[in-house]
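Examining the three-dimensional arrangement
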Amino acid sequence: MKVLKFGGTSVGSVENINKIKAIVAAVSEPVVVVVSAVGGVTDRLQTIAGKAAEGTDYLADFTYLTDIHHTIISKVVTANNADGVLKKVDALLAELKDVYSSIAGKKSLSPDDLALVLSFGERMSSVFMATALGAEHADSLELVQTKPFHHKNILDKDATYQAVRARFNAPATRTVMGGFISRDSARHTITNLGRGGSDYTAAIVAAALDASVLEIWTDVDGFLTADPRLVHNAYTIPELSYIEAMELSNFGAKVIYPPTIYPVYERNIPIYIKNTTNPDFCGTKISSQKDPAGKAIKGISSINDTCLITLQGMGMVGVLGISSRTFKALSDEGISVFLIAQASSENSTTFAVRNAEADDAIKALSKEFEHELQRGEIWSITPQKDLATVAIVGDNMRYNAGLSGKLFNTLGRSGINVIACAQGASETNISVVIKKESLQKALNVIHDSFFLSDYQALNIFLVGTGTVGGSLLEQIEHQQEKILKQNSVKLNVVGITDINGTMIDPHGLDLKNYRENQKTLARQLSNEELQQAIIDLNLFNSVFVDCTASPQIAALYENLLKNNISVVAANKIAASGPYDHYMELKNIARRKGIKYLFETNVGAGLPIINTMNDLINSGDRILKIEAVLSGTLNYIFNTLSADIPFSKTIQMAKEARFAEPDPRIDLSGTDVIRKLVILARESGYKVEQADVKKNLFVPDKYFEGSLEDFWKNISEMDAEFEAKRQRLAKENKKYRFVATMKEGACEVGLQEVDFTHPFYDLEGSNNIVVIQTERYYNDPMIIKGYGAGASVTAAGVFGDIISIANIR
């Protein structure tokens, strides 16, 4: 025999009922079908009862109940059977109307009256579903029996199993019965098994009849690795053990009503969670089988409705019975505790309840420990509301060293504080309590960190869509699919800011059309508003990418890092600014376990800073650096010729986008000084820009006045540089603007180099860095290549972004 249960959405539409017909028709053995009320009806029944008790009009709602059942019956029951079914359902509706009239007359709603009202949903749905399926109808009120326990109704197992076995002693091919509803075995009043109790009814029947399988048909494809509303790449778990399913259900997974599992577990009956709208999908199988070779964590469950209550006081230490009194007082009030944490010193006990039960819990405990509170033995009973609980679940978590450490490290690196935690000796569940606003972020970083996701998402906020930023977006758009397939990394550009304003979409922006969308959809935000918008979005694996040269944007880094948002900067201002601020940014990133990367600050896409860091981290020491770091200046001196004067080369460098919009920044050596300061600092030396000795080749007067004045007057130097060029050509030498650092002493200036020098053959806008270390002393390391240009700089920024994605 099989037992199949269909939920409210399954019996709530003609289309789904037709699918149920096909599913049931395919079963070749005797089958019991348990149905819920039509979707939304149970809530409507309760709403109408409340209105009746308040004395407000409820007839319109009651008409809705009549209409929805009549409509479904007219379309799923054959014409020759429709009158008989309608007669039965209308009789139930008439009885229900009388109950509402009674409630309205009393102007009160007792628990017994409410239980009676709520029973009509399943009583009506089971009647028309039995006829629609060509099955016998079994009255659940005659089979499922309960008894009172601490203000609740619990299953009277012996009476129920006896009644079920007697009813199905000679089972029909098909039988339909309502779920959820029951009757008190002593008082014979109508009760129920709690919201979601139709699953429980099906499990009870399956266990009583020793069924071969229990199938729960619902509107989802099975148990998912996480809540898909919060984790968009959650996927269906093909198999779970009974323990894993119980843990996930108890901690918020609403796929199955938690009490459902025990009756079938006791009889070793497998459960299949299937989707009525997708019947061919495999769903989730729940059984006693375990997968020792599977992942450590099967799924993540969460409760977004958590209140922590803490009893604290030195008078609790060593006193027997505190815990038993605590939980008995709660149990007597029907309050369920789903997490407990206690300090080893015994001076505090913390437990979690639902927010709605918190006030009642405080009252019960304050009464129970009234004398201890008066004597000061217990200092306080304190609630902390509006929290969330996250549980990671898996049989293979047992004896898996480092798992909890990885969990806490993952949360900590994302700036998520753990307020309380609990783990049982069975090691199949680790639960943590966090702030409610961090729930989505926590679920996603855990999902990614423990490889439950098919890919790791990286959420990118880009500021600046000029030559570098625009090229970066083109590269990301071109490479997104390839990186997702090859590296399992999804690059999700969620924010773009430029002169047109800011666009933010947590699900990702359309990179193909972002320029058009920016003109119409962007909103103007101040830098502070932009920063706060990014922080408030609270996305996991966030990266702030700065492709500007703005001091105001660089000033945002510190607060972003403090909020666990990694920073990738093509902007040199922060890394070359005051040394103490530079170190503070690096220290914040180190403490937070995130990244502050600025590889492209020196050499564009050349791997200079990363190489230096690798040398130092492996125990080497950098002694001296000689470098040509300005692609702009190198281009100028390589382009200078008899036909192209000095002023023209500057104009050409600007047109080729090697130079800054204001080329005086390059000619003054400011850009090279910044780069040299960064290299010196990354080498381990404390250097400020003011410490760098400057030997400049353009007189100060050309840096005074406006940019227009500069372009008007710079041609005055053409003759001087032509004379110098001719002399150098005769001597087989070239000009190079060289940056030098020797054990922290820094200098920049124009140097003449002959054909034996490694800088002599440096072409175009290329950069070269010669690094002398204790290991590379006699033969220094040389890094050489393109050192300017939007595409190579963007590629270097892209490389920094990918390196963050590789952190797990």
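To start, this report covers the structure provided alongside it. (Residues numbered from 1 in each chain as written. Predicted model: local features only at pLDDT ≥ 70, side-chain atom pairs only at ≥ 80, totals over all residues. Heavy atoms only, no water.)

Here's the deal with helix α4 (residues 79–106)
Under the 1.5 Å per step criterion, the end-to-end length of α4 is 41 Å for 28 residues, consistent within 8% with the ideal 40 Å. For α4, the full list of buried residues reads Ala 82, Val 85, Val 89, Leu 92, Leu 93, Leu 96, Val 99, Tyr 100 and Ile 103. Those residues of α4 that are buried lie in contact with α2 (41–54), α3 (59–76) and α5 (111–132). Lys 107, located one to two residues past α4, shows a positive phi value of around 55°. (Helix = DSSP H or I, 4+ residues; strand = E, 2+ residues; numbered from the N terminus. Expected span 1.5 Å × (residues − 1). Buried < 20%, exposed > 50% of the residue type's maximum accessible area, 1.4 Å probe, protein only. Contact = heavy atoms within 4.5 Å.)

What about the packing of α2 against α4?
Following both chains from N to C, one finds α2 and α4 inclined at 35°, their axes separated by 7 Å at the closest point. The handedness of the crossing between α2 and α4 is right-handed. Only Leu 96, Tyr 100, Ile 103 and Ala 104 of α4 make contact with α2, whose side of the interface consists of Leu 45, Ile 48, Ala 49, Ala 52 and Ala 53. The class makeup of the residues in the contact of α2 with α4 is nine nonpolar, no polar and no charged. (Axes fitted to C-alpha atoms, helices over the stretch in contact; angles between N-to-C directions. Left-handed = near helix turned anticlockwise from the far one by under 90°. Nonpolar A, V, L, I, M, F, W, Y, C, P; charged D, E, K, R; others polar.)

Section: the state of the cysteines
Counting across every chain of the model gives zero disulfides. Cysteine Cys 307 remains unbridged, with the sulfur of Cys 421 as its closest cysteine sulfur at 18 Å. (Disulfide = S-S within 2.5 Å.)

A look at the sheet that holds strand β3 (residues 136–138)
If you walk across this open sheet you meet the eight strands as β3-β6-β2-β1-β9-β11-β12-β10, and the pairing is mixed. Since the sheet does not close on itself, it has two edges, and those belong to β3 and β10 (239–241), each with one partner. For this sheet, the mean angle separating the axes of adjacent strands, direction not counted, is 20°. Examined bridge by bridge, β3 and strand β6 (residues 174–178) share three bridges and lie parallel to one another. Note on β6: the bridge partner recorded for Glu 136 is Thr 175. Of the strands in this sheet, β10 and β12 (284–287) are in contact with helix α8 (residues 242–250), which crosses β10 at around 90°. (Pairing = 2+ DSSP bridges.)

Looking at the nonpolar core
Grouped together as the largest cluster of nonpolar side chains are 75 residues, with contacts concentrated most on Phe 544, Tyr 557, Tyr 596, Phe 646, Leu 667 and Phe 697. Sort the elements by how many residues they give to this core and helix α26 (residues 670–682) lands first, with seven residues. Once residues lying within four places of it in the same chain are set aside, the contact partners of Phe 544 are Phe 461, Val 463, Ile 534, Ile 553, Leu 556, Tyr 557, Leu 560, Ile 565, Ser 566, Val 567 and Val 568. Judged by nonpolar contacts, the second largest core, of 53 residues, contains Val 11, Ile 73, Tyr 100 and Met 129. (Core = buried A, V, L, I, M, F, W, Y, C linked by side-chain atoms within 4.5 Å.)

A closer look at a nonpolar patch on the surface
Together, Met 314, Val 317 and Trp 379 give the surface a local cluster of nonpolar side chains, amounting to about 320 Å² of exposed area. Within the secondary structure, Trp 379 is located in the loop between α12 (370–375) and β16 (380–393). (Patch = residues over 30% accessible without salt bridge, like charges linked within 9 Å, V, L, I, M, F, W, Y side chains within 5 Å. Areas by Shrake-Rupley, 256 points an atom, 1.4 Å probe, with all protein chains shown as cover. Salt bridge = Lys/Arg side-chain N within 4 Å of Asp/Glu carboxyl O.)

What to know about empty space enclosed by the protein
Within this structure, the stated rule accounts for two cavities of 30 Å³ or more. Taken as a whole, the largest cavity encloses approximately 170 Å³ of empty space. In this structure, the largest cavity is lined by 13 residues; those nearest its centre are Arg 413, Asn 541, Ser 566, Ile 594 and Ile 804. Residue composition of the lining of the largest cavity, by class: four nonpolar, seven polar and two charged. (1 Å grid on protein atoms, 1.4 Å probe; cavity = no way out; pocket = protein on both sides within 12 Å on 5 of 7 lines; lining within 4 Å. Points joined across faces, edges and corners; volume = space filled by probe spheres on them.)

Some remarks on the pairing of strand β2 (residues 31–35)
β2 sits mainly inside the fold: five of its five residues count as buried. Side-chain alternation along β2 places Val 31, Val 33 and Val 35 on one buried face and Val 32 and Val 34 on a second face that is also buried. Bridging between strand β1 (residues 2–6) and β2 involves five bridges; their strand directions are parallel. Directly across from Lys 5, in β2, lies its bridge partner Val 34. Taken together, β1, helix α1 (residues 14–25) and β2 constitute a β-α-β crossover, and its handedness is right-handed. (Right-handed = clockwise from strand over helix to strand, strands pointing away.)

Remarks on the side chain of Glu 247
You can see Glu 247 is positioned in helix α8. For Glu 247, which is buried and forms no salt bridge, the nearest opposite charge comes from Arg 398, at a distance of 10 Å. Those residues in contact with Glu 247 that lie beyond four places of it in its chain are Val 393, Thr 428 and Asn 429. (Lys, Arg positive; Asp, Glu negative; His and termini not counted.)

Quick look at the layout of surface pockets
If a probe as big as a water molecule is rolled over the atoms, it shows which places are left empty. What the second largest pocket holds in volume is close to 860 Å³. Lining the second largest pocket are 34 residues, with Thr 467, Val 468, Ala 659, Glu 660 and Pro 661 sitting closest to its centre. Mapped by element, the contributors of at least two residues to the lining of the second largest pocket are α15 (467–487), α23 (631–639), α25 (664–667), α26 and α29 (790–805). Here the lining of the second largest pocket is built from residues that sort into twelve nonpolar, 13 polar and nine charged.

Structural notes on the pattern of salt bridges
Between side chains of opposite charge, a pair can form when the charged atoms approach closely. Under the definition given, this model contains 36 salt bridges. For Glu 15, the salt bridge goes to Lys 19, with nearest N and O atoms at 3.8 Å. Here Lys 19 and Glu 15 lie together in helix α1, a separation of four residues that amounts to about one turn. With relative accessibility at 55%, the residue Glu 15 sits in the exposed group. The residue Arg 267 makes a salt bridge to Asp 210 at a minimum N-O spacing of 3.6 Å. With Arg 267 in helix α9 (residues 261–267) and Asp 210 in the loop between α7 (197–208) and β9 (213–218), the pair connects residues that are 57 residues apart, well separated along the chain.

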